[in-house]
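# Tertiary structure, described
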Amino acid sequence: MSMSPSPSTDQPPVAARTAYAERLDLPWWLWLAGLVAAALLAVEIWMGASGVRSWLPFAVLLPLAAAGMWWLGRIRVGVADSELRVDDARLPVRFVADVVPLDAAGRREVLGVGADPLAFVVQRPWIGGAVQVVLDDPADPTPFWVVSTRHPVELAEAVLTARDTLTLSGPPAGEPG
């Protein structure tokens, strides 16, 4: 019996599980604008006062602004383990009919006046691209997902590749074919 650890056979390697991963964080210039706005507000509150009013606005507003901007950029988008993952939402790729990469104009058209109110949308205005994932699930009233991404073509290819791989390998155990 060897003392070296043997690889686990129940989980595929990490490279096989994760086909695409992205975090929808804020660009540097929005961080700069947010911190400058918080500093200006702190200066307005301070206005030459002494005592607690001299340091408290800076000690409170700057960390709050940083935490708020971090929170806005916390969303992760990925394709892993035969799922499209958007923050906490999970979409098994077996329900994907098609994926359409969208530029800024296409996203504006899909989310514009005639948008479907039942669509699942994760949209970040500072990100120009998006994908529209058209669903094929009779039990789900959601017609499609629209997800912001900096790399719409790569995300669309990852979802379609995961779907095609799943289709070729057959349905998971315990599910009807």
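Just above sits the structure.
A brief look at the structure comes next. Just so it is clear, the structure is predicted and the values come from calculations on it, not from any experiment. (Residues numbered from 1 in each chain as written. Predicted model: local features only at pLDDT ≥ 70, side-chain atom pairs only at ≥ 80, totals over all residues. Heavy atoms only, no water.)

Now for the pairing of strand 7 (residues 130-135). A regular strand places its side chains so that they alternate between the two faces of the sheet. Within strand 7, 5 of the 6 residues are buried, which leaves it mostly tucked inside the rest of the structure. As judged from the 6 bridges shared by strand 5 (residues 96-102) and strand 7, these two strands associate in the antiparallel manner. Among the inter-strand pairings, Pro101 is bridged to a residue of strand 7, identified as Val131. Both strand 7 and strand 8 (residues 144-148) contribute to a ladder of 5 bridges, which runs antiparallel. The partner of Gln132 across the bridge, within strand 8, is Val146. (Buried < 20%, exposed > 50% of the residue type's maximum accessible area, 1.4 Å probe, protein only. Helix = DSSP H or I, 4+ residues; strand = E, 2+ residues; numbered from the N terminus. Pairing = 2+ DSSP bridges.)

Attention shifts here to the packing of aromatic side chains. Applying the stated criterion across every chain, the model contains 2 aromatic pairs. With 4.3 Å between their ring centres and 45° between their planes, Phe120 and Trp145 make a pair best called tilted. Highlighted residues: Phe120 in strand 6 (residues 120-122) and Trp145 in strand 8, separated in sequence by 25 residues. In this structure Trp145 comes out as buried when scored by relative accessible area, which is 6%. (Phe/Tyr/Trp six-rings, centres within 6.5 Å; stacked < 30°, edge-to-face > 60°.)

The next thing to look at is the sheet that holds strand 6. In space, the 4 strands of this open sheet follow the order 5-7-8-6, with mixed pairing throughout. Each edge of the open sheet is held by one strand with a lone partner, namely strand 5 and strand 6. Across the sheet, the axes of successive neighbouring strands diverge by a mean angle of 10°, strand direction being ignored. (Axes fitted to C-alpha atoms, helices over the stretch in contact; angles between N-to-C directions.)

The 4 strands are arranged 1-2-3-4 in an open sheet whose pairing can be described as antiparallel. On the outer flanks of this sheet lie strand 1 (18-23) and strand 4 (89-92), each paired with one strand and no other. Across the sheet, the mean angle from the axis of one strand to that of its neighbour is 10°, orientation sign disregarded. Pairing of strand 2 (residues 76-80) with strand 3 (residues 83-86) involves 4 bridges; the strand directions are antiparallel. Along strand 3, the bridge assignment pairs Ala80 with Glu83.

This part covers the packing of helix 2 (residues 28-46) against helix 3 (residues 52-72). It is the contact of helix 2 with helix 3, at a shortest axis distance of 8 Å, that shows an interaxial angle of 155°. The pairing of helix 2 with helix 3 is recorded here as roughly antiparallel in orientation. When the axes of helix 2 and helix 3 are compared, the crossing they make is right-handed. In this structure, helix 2 contributes Leu30, Trp31, Gly34, Leu35, Ala38, Ala39, Leu41, Ala42, Val43, Ile45 and Trp46 to the contact, and helix 3 contributes Arg53, Ser54, Pro57, Phe58, Leu61, Leu62, Ala65, Ala66, Met69 and Trp70. For the contact of helix 2 with helix 3, a count of residues per class yields 18 nonpolar, 2 polar and 1 charged. (Parallel < 35°, antiparallel > 145°, perpendicular 65-115°, else oblique. Left-handed = near helix turned anticlockwise from the far one by under 90°. Contact = heavy atoms within 4.5 Å. Nonpolar A, V, L, I, M, F, W, Y, C, P; charged D, E, K, R; others polar.)

Once that is clear, we can look at the nonpolar core. Counting 25 residues, the largest nonpolar core has Val79, Leu84, Val86, Val133, Trp145, Leu155 and Val159 as its most contacted members. Within the residue set of this core, elements represented by two or more residues are strand 2, strand 3, strand 4, strand 5, strand 7, strand 8 and helix 5 (152-169). The element that contributes the greatest number of residues to this core is helix 5, accounting for 6 residues. Not counting residues up to four positions away in its chain, the partners in contact with Val86 are Ile75, Arg76, Val77, Val122, Trp145 and Val147. Leu102, Val110, Ala119 and Phe144 belong to the second largest nonpolar core, which has 6 residues in total. (Core = buried A, V, L, I, M, F, W, Y, C linked by side-chain atoms within 4.5 Å.)

Okay, unusual backbone geometry next. Most of the time, phi is negative for any residue but glycine, and the peptide bond is trans. At Asp81, a position not held by glycine, the phi torsion is positive, near 50°. Tracing the backbone through its elements, the reader meets Asp81 in the loop between strand 2 and strand 3. Look at Asp87: it is not a glycine, yet its phi comes out positive at around 55°. For Asp87, the location among the structural elements is in the loop between strand 3 and strand 4. With a relative accessible area of 32%, Asp87 lands in the partly exposed category.

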